[in-house]
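Next come the chains, spelled out residue by residue.
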Amino acid sequence: MMGFGSMGFGWFLGLLNMLLILALLAGLFYLGLRAWGGGGGPKKDEALEALRLRYARGELDEESYRRLRKELEKGGEA
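Everything quoted here is computed from the prediction, not taken from an experiment. (Residues numbered from 1 in each chain as written. Predicted model: local features only at pLDDT ≥ 70, side-chain atom pairs only at ≥ 80, totals over all residues. Heavy atoms only, no water.)

Enquirer: Outline the overall build of the protein chain, listing residues and values.
Expert: When its secondary structure is counted, the protein chain shows three helices and zero strands. Sorting the 78 residues of the protein chain into buried and exposed places 8% on the buried side. Carbon together with sulfur atoms contributes 64% to the accessible area of the protein chain, which is approximately 6,800 Å² in total. (Helix = DSSP H or I, 4+ residues; strand = E, 2+ residues; numbered from the N terminus. Buried < 20%, exposed > 50% of the residue type's maximum accessible area, 1.4 Å probe, protein only. Areas by Shrake-Rupley, 256 points an atom, 1.4 Å probe, with all protein chains shown as cover.)

Enquirer: Lay out the environment of Ser64 with the relevant residues and their values.
Expert: Take Ser64: it is sitting in helix 3 (residues 62-73). When its relative accessible area of 18% is taken as the criterion, Ser64 is described as buried. Here Asp61 takes part through its side chain, which lies 2.5 Å from a polar atom of the side chain of Ser64. (Polar contact = N/O pair within 3.5 Å; in protein donor to acceptor, adjacent residues only side chain to side chain.)

Enquirer: So, the UniProt feature "transmembrane region" (unreviewed entry) in the protein chain: which residues are in play, and what are the values?
Expert: Mapped onto this numbering, the UniProt entry gives "transmembrane region" (unreviewed entry) at residues 12-33. Here residues 12-33 is 100% helix and 0% strand, with 31 Å between the C-alpha atoms at its ends. (UniProt positions renumbered as here; feature names shortened; annotations may be inferred.)

Enquirer: Now, about the confidence of the model for the protein chain: what can you tell me, with residues and values included?
Expert: Low-pLDDT stretches of the model should not have their predicted coordinates read in fine detail. Of the residues in the protein chain, 77% have a pLDDT of 70 or more, and the chain-wide mean is 82. Put simply, helix 2 (residues 40-56) is where the protein chain has its lowest mean pLDDT, 80, and helix 3 is where it has its highest, 92. (pLDDT = per-residue confidence, 0-100.)

Take a look at the structure:
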């Protein structure tokens, strides 16, 4: 009974299998980083953009806009 190993290309199938598993693990790692790693940055930019829109619509005066922008840029620790 002859398996793929004795045909001469069994090593290729083993290598291909290993590469597919590594690619799957790398993809899962990448998706995990995107899901858990990117939480803080975009929310801060969205808040600044909302503030700019409120100022542009005239809902805020210049003093309020500057004060709120400073608080958002330093992380809202005030």
